[in-house]
Amino acid sequence: MEILVCIKQVPGSNKVEVDPVTGVLKRNGADSKMNPYDLYALECGLKLKEQYGGRVSVITMGPPQAQAIIKEAYAMGADAGAIVSDRAFGGADVLATAHTLAQGIKKFGKFDIILCGLQTTDGDTAQVGPEVSEQLDIPCVCNVKEIKGVEGDNILVDMEMAQDIEHLKVSFPCLITVQKDIVQPRLPSYLKKKDTEDREIIMYTLKDMEDQNKNNYGLNGSATQVQRIFPPTSDKVQVTWDDPADVLAEKIYSTIKSRKLLG
Amino acid sequence: MGKLIVHQDKVTDINAMISICPFNALEEKDGKLEVNAGCKLCKLCVKKGQPGAMEYVEEEVKTVDKSLWNGITVYVDHVNGEIHPVTFELLGKAGELAKKINHPVYAIFIGSGIEKKAEELLHYGVDKVFVVDAPELKDFQMESYTAAFEAFVNEIKPSAILVGATPVGRQLAPRVASRFNTGLTADCTILDIHENTDLVQIRPAFGGNIMAEILTPNSRPQLATVRYKIMDAPERSAEAKGEIVKISVPAEKFKTRTQVLGITHKEKEKSIENADILVVAGRGLKKKEDLELVKELADALGGDIACTRPLAEAGWLNAKHQIGLSGRTVRPKLIITCGVSGAIQFVAGMNNSENIFAINTDPNASIFKVANYAIIGDIYDVIPKLIEQVKQGKGVKA
């Protein structure tokens, strides 16, 4: 069974601030890590391999330094890795990112199961997975809370819905996005890290892609454009009320009602 | 659409330039400043960098005839025809936006045996409800629902589509957006519209520390998802207006490569960690029986009861209800503490709650330091009055 896990390098911290005067983003160091949600997808991939045999590959898109997370995936047990990286891919929104990743996946190989984390901690959209599945024209199930197993050329999964669990049988090839806490991710192993130090990381750039039209990548291929970024107006309030009980009750109730906090 | 060009002769300080970029996308290579793949084209380096060092060059853009795309559409989120309330909130917003550009408001309702249920939508200011009703659409499957959605978009050509960010909406919207090669913005908190029908989509980025304003200027339809309880639901009008229009789609379009084996109804998990609303009892309570008062408030609000450590230790409530370092960590949307003084160990378990209301008789109680609403009062006076208010409010609503 060929398993592919899509992973992403994200900033180590979400604490980004905007300088209100200059409008410049204030950075807290350049530390970065593997998107925590992807660890669950990778663990699911490794478990499937252990149970049914096959190979686990990982793919990422990003600047060359994102190779660090492929090394991390190797130390957890991934067999092969590729990075999709080109200046032409910069400024990509969900649509262009999904297109680029799908192109990279086609180049990388044929996969039975593609696993993605539910979302990333930086973009936080949860949209790239399903968009990749559309670009590859394969079935897709998101919010998977349990992988029941593999039956022939199908995978059995439980999808979490608002009030229900939908039990699905999905035929290969397919894309699954898994929820946080679906499994406990293993820690990278020092021995594996040592063993895989020299393992190849394949690099794909625009010239490796089947679609050579530059306008389908990066900012040019993006349907959405960021017009501006600005600091949020904080709606955190701190007030003190010292009134008779009936006034207090009325104030509390009208505040929770207007802030839509009622169950 | 465009690209950045580096004018090396205008770069006076490479490191200063590199430090401007929030995405680490500027780097030094052989003494030259270069842009790498991390570039998000935010153009901060153009604005804040050394004058003339970075230039942004516009490139030819693909365009779309926006006048061919009409109507603000809301996707009707539902389970077996039971409409999710986010749908009504979005209809309210769609109405506002449509009015600004003089467009109609549409709803798209996909499912099986739902035609009758569609009538309810006519009370929320919708001009047309388009219904794709087929037995194959009984349970949500991405491929069949996308096929139905595709048929609707091809036939009606809506300018913008708003989708509730529910488990279904969050996976259906991207598949549809990708099929039409168009833009999708997740979890918008503010929506507006330009005269040229461009939807102004504002959403938090970077974990909510920055807001981004996003447009989909050259593609249609424009898709956006919005979470529940972000927009205001309009009042239900007594009179039904608008019409229900059926869209028929050939059954073979609904073929999927997934198969629904069954559906299990989720058991409601009751634990204070995943409660949205918590009412906390503290040592301000004089006796165990008074817990009933706190419980009554929690019930009226549709929330759960929690407590501080002394109460759990006295056996008034099970330890599962205890908040704090030796108990559970909670972050509900609403927490009301009743007679809680606010020991550090307690506060550590709840200070990330979104809205903290603290009721205490002591104006110097340390709980007031973390409270958004510091309420100086006696719980025995305030809570009964508050319960009355909540019950009255509910009575009016129903």
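Glycine aside, residues mostly have negative phi angles, and peptide bonds mostly take the trans form. In this model, A:Phe172 is joined to A:Pro173 through a cis peptide bond whose omega is -15°. Mapped onto the elements of the fold, A:Pro173 is located in the loop between β11 (164-171) and β12 (174-178). Following B:Arg220, the chain continues to B:Pro221 via a peptide bond in cis, the omega torsion being -5°. Here B:Pro221 lies in the loop between β14 (210-215) and β15 (222-226). Unlike most non-glycine residues, B:Asn80 shows phi in positive territory, near 50°. Summarising the element assignment, B:Asn80 is placed in the loop between β6 (78-79) and β7 (82-83).

What follows deals with the sheet that holds strand β19 (residues 304-307) of chain B. If you walk across this open sheet you meet the six strands as β15(A)-β22(B)-β21(B)-β20(B)-β18(B)-β19(B), and the pairing is parallel. Of all strands in the sheet, those with a lone pairing partner are β15 (239-241) of chain A together with β19 of chain B, marking the two edges. Along the sheet, successive strands turn relative to each other by an average axial angle of 20°, direction set aside. Where strand β20 (residues 334-338) of chain B and strand β21 (residues 355-360) of chain B come together, five bridges link them in parallel fashion. The partner of B:Leu334 across the bridge, within β21(B), is B:Asn355. Along the sheet, helix α6 (residues 245-258) of chain A contacts β15 of chain A together with β20, β21 and β22 (373-376) of chain B; its crossing angle with β22(B), the most-contacted strand, is approximately 160°. On the sheet, helix α6 (residues 291-301) of chain B packs against β18 (277-281), β19 and β20 of chain B and is oriented at approximately 170° with respect to β18(B).

The next thing to look at is the domain arrangement of chain B. As far as domains go, chain B holds domain 1 (2-58), domain 2 (66-254) and domain 3 (272-397). Taking only C-alpha atoms, the centre of domain 1 of chain B and the centre of domain 2 of chain B are 40 Å apart.

Glancing now at helix α4 (residues 128-136) of chain A. One turn of the α-helix equals 3.6 residues, which is why residues spaced by three or four share an orientation. The buried count for α4(A) comes to nine of nine residues, which makes it a mostly enclosed element. Those residues of α4(A) that sit buried are A:Val128, A:Gly129, A:Pro130, A:Glu131, A:Val132, A:Ser133, A:Glu134, A:Gln135 and A:Leu136. The secondary structure elements touched by the buried residues of α4(A) are α3 (94-108), β8 (113-117), β9 (140-151) and β12 of chain A together with α5 (169-179) of chain B. Just beyond α4(A), the residue with positive phi is A:Asp137, at close to 55°.

Conventions used here
- Residues numbered from 1 in each chain as written.
- Chains lettered and ligands numbered in written order.
- Predicted model: local features only at pLDDT ≥ 70, side-chain atom pairs only at ≥ 80, totals over all residues.
- Helix = DSSP H or I, 4+ residues; strand = E, 2+ residues; numbered from the N terminus.
- Pairing = 2+ DSSP bridges.
- Axes fitted to C-alpha atoms, helices over the stretch in contact; angles between N-to-C directions.
- Contact = placed C-beta atoms within 7 Å.
- Domains from an automatic or database assignment.
- Buried ≥ 20, exposed ≤ 12 C-beta atoms within 10 Å, placed from the backbone.

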